[in-house]
Amino acid sequence: MHGSKTVTVVLPAYNEEGYIRPAVDDFFVPNVVDEVIVVDNNSRDRTADEARQTRARVVQESRQGYGHALRRGIREATGDIVILAEPDGTFIGRDVLKLLAYADDFDMVCGTRTTRELVWDQANMGWFLRMGNWTVAKMIQFLYGGPSLSDCGCTLRLTHRAALDQISGDLTVGGSHFLPEMVILALKRRLKVIEVPVNYRGRVGESKITGNLKGTLETGFRMIGLILRYRFSGGSRS
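The structure displayed is predicted, hence computed values, not measured ones.

Calculation criteria
- Here the residue index of a chain counts from 1 through its sequence in written order.
- It should be noted that, the model being predicted, local features are given only for residues of pLDDT at least 70 and side-chain atom pairs only at 80 or more, the latter also being counted only at that level, while totals for whole chains, interfaces and linings use all residues.
- Hydrogens and water molecules were not included; the side-chain quantities draw on all heavy atoms of the structure.
- For the purposes of this entry, the term helix denotes a DSSP run of H or I that reaches at least four residues, the term strand denotes a run of E that reaches at least two, and both are numbered from the N terminus.
- The contact rule is simple, with two residues in contact once any of their heavy atoms fall within 4.5 Å.
- To count toward a patch, a residue needs a relative accessible area above 30% and no salt bridge. Like charges then connect within 9 Å, nonpolar side chains (Val, Leu, Ile, Met, Phe, Trp, Tyr) within 5 Å.
- Each accessible area value is a Shrake-Rupley result obtained with a 1.4 Å probe; residue values ignore everything except the protein chains displayed when judging cover.
- Criterion for a salt bridge: a side-chain nitrogen of Lys or Arg within 4 Å of a carboxyl oxygen of Asp or Glu.
- Definitions used throughout: a 1 Å grid over protein atoms alone; a cavity as a set of points that fits a 1.4 Å probe which cannot get out; a pocket as an open set with protein on both sides within 12 Å along at least five of seven lines; a lining residue as one with an atom within 4 Å of a point.
- Grid points are joined across faces, edges and corners, and a volume is the space filled by probe spheres set on the points.
- Residue type decides the class: Asp, Glu, Lys and Arg count as charged, Ala, Val, Leu, Ile, Met, Phe, Trp, Tyr, Cys and Pro as nonpolar, and the leftover types, Gly among them, as polar.
- Think of it in three bands: with a 1.4 Å probe and only protein chains considered, a residue is buried below 20% of the maximum accessible area for its type, exposed above 50%, and partly exposed in between.
- Strands were regarded as paired on the criterion that DSSP finds at least two bridges between them.
- When the strands point away from the viewer and the path from the first strand over the helix to the second turns clockwise, the crossover is right-handed.
- For Phe, Tyr and Trp, rings pair up if their centres lie within 6.5 Å, where Trp contributes its six-membered ring, and each pair is then called stacked (planes under 30 degrees apart), edge-to-face (over 60) or tilted (otherwise).

## Comments concerning the side chain of His68
Here's step 1: Position of His68 relative to the elements: it lies in helix α3 (residues 66–76).
Here's step 2: The contact partners of His68, leaving out residues within four places of it in the chain, are Glu61, Arg63, Val173 and Gly174.

And the structure:
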């Protein structure tokens, strides 16, 4: 609980059997997190079976894609506050407390992986990915009159259910470029958004999105296309 509000953490999972159990345990922050939802997105390994050995609620999303998994988790969440995270070891459960520290004043609190002291040596955050995230975030900031933004691709974020109710019906992206759409829709509805620095560690296994140059470029170009379509044609076709 956060005050009188319940808190749900959503973990999208695709072939994460090696870390899903400790991830669930880590994000069940005592006396804070009321519910953890694992969204199994057609995993070919024992991710769902491993998750069922924990206190998490496991749901299946048959539509393949990072955005589809997160959107399913948002729909399933029962909390007044919904926090998106990752089950791959990159984020730390206690950073939920950082997001909640701003929850009373903002509708959406996004993590940013741009503080050097909080980016661990093993993290997948080289200069190319760091500059790409920063550039795309600044595009959103400039084109939509947002607050200072520095990281468009950080999954770890908090959104109030009341805010999600305003934007969830307009979410369209099912792929890896889902996260900027949330911020764009929030800013278009004049919701209050802020970024806070979070820890970013090396992941277990290889990233399905930015684990190679091709994946990084494809995701980056999709994000840019999404930003421009919303700004100049009024919506997304993703």
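## Some remarks on a nonpolar patch on the surface
Here's step 1: A cluster of nonpolar residues, Trp127, Phe128, Met131, Trp134, Leu217 and Phe221, forms a patch on the protein surface that exposes about 680 Å² of accessible area.
Here's step 2: When contributions to the nonpolar patch are tallied by element, the ones reaching two or more residues are α5 (127–144) and α8 (213–233).
Here's step 3: The biggest single contributor to the nonpolar patch is α5, with four residues.
Here's step 4: Its place among the elements puts Leu217 in helix α8.

## Brief notes about empty space enclosed by the protein
Here's step 1: Overall, the coordinates contain one cavity of 30 Å³ or more when judged by the stated rule.
Here's step 2: Each pocket or cavity is described by its volume, and for the largest cavity that value is around 70 Å³.
Here's step 3: Taken together, Cys110, Ala137, Ile140, Leu149, Asp151, Cys152, Arg157, Val183 and Glu195 make up the lining of the largest cavity.
Here's step 4: Split by residue class, the lining of the largest cavity holds six nonpolar, no polar and three charged.

## Considerations on the pairing of strand β2 (residues 35–40)
Here's step 1: For β2, a buried count of six out of six residues is recorded, marking the element as mostly surrounded by other parts of the structure.
Here's step 2: Residues of β2 alternate between two faces, with Glu35, Ile37 and Val39 on one and Val36, Val38 and Asp40 on the opposite face, all of them buried.
Here's step 3: With six bridges connecting them, strand β1 (residues 7–13) and β2 associate as parallel partners. In the strand pairing of β2, Thr8 is matched with Glu35.
Here's step 4: Chirality of the crossover, the property in question, places the unit of β1, helix α1 (residues 20–27) and β2 among those that are right-handed.
Here's step 5: Here four bridges tie β2 to strand β3 (residues 57–60), and the two strands are oriented parallel to one another.

## With respect to the side chain of Asn133
Here's step 1: Mapping Asn133 onto the fold places it in helix α5.
Here's step 2: With relative accessibility at 8%, the residue Asn133 sits in the buried group.
Here's step 3: With sequence-adjacent residues up to four places away left out, Asn133 is seen in contact with Arg113, Met125, Ser150, Asp151, Cys152 and Gly153.

## So, the packing of aromatic side chains
Here's step 1: Following the criterion strictly, the structure yields two aromatic pairs and no others.
Here's step 2: On the basis of an interplanar angle of 50 degrees and a centroid distance of 5.7 Å, the ring pair of Phe91 and Tyr200 is categorised as tilted. In this pair, Phe91 sits in the loop between β4 (81–84) and α4 (96–101) while Tyr200 sits in the loop between β7 (193–197) and α8, placing the two residues 109 residues apart along the sequence.
Here's step 3: For Tyr200, a relative accessible area of 8% translates into the label buried.
Here's step 4: Summarising the aromatic geometry, the rings of Tyr102 and Phe106 are spaced 6.5 Å apart at their centres and angled 50 degrees between planes, so their arrangement reads as tilted.

## With respect to the environment of Val33
Here's step 1: Within the secondary structure, Val33 sits in the loop between α1 and β2.
Here's step 2: The spatial distance from the C-alpha of Val33 to the C-alpha of Gly79 is 9.1 Å, given a sequence separation of 46 residues.
Here's step 3: Setting aside residues up to four positions removed in sequence, Val33 forms contacts with Met1, Val7, Val9, Phe27, Phe28 and Val96.

## Side note on the pattern of salt bridges
Here's step 1: Following the criterion strictly, the structure yields 14 salt bridges and no others.
Here's step 2: Close ionic contact of Glu50 with Arg46 constitutes a salt bridge, the shortest N to O distance being 2.6 Å.
Here's step 3: The closest approach of N and O atoms between Arg75 and Glu61, which form a salt bridge, is 3.7 Å. Taken together, the residues span a long stretch of sequence, with Arg75 in helix α3 and Glu61 in the loop between β3 and α3 at a distance of 14 residues.
Here's step 4: A single salt-bridge network, built from bridges that share partners, covers Glu35, Arg57, Glu61, Arg63, Arg72, Arg75 and Glu76.

## Focus on the pairing of β7
Here's step 1: With respect to burial, β7 is a largely interior element, four of its five residues being buried.
Here's step 2: One ladder, built from five bridges, connects strand β5 (residues 108–112) with β7; its direction is parallel. Across the sheet, the residue bridging to Gly111 is Val196, located in β7.

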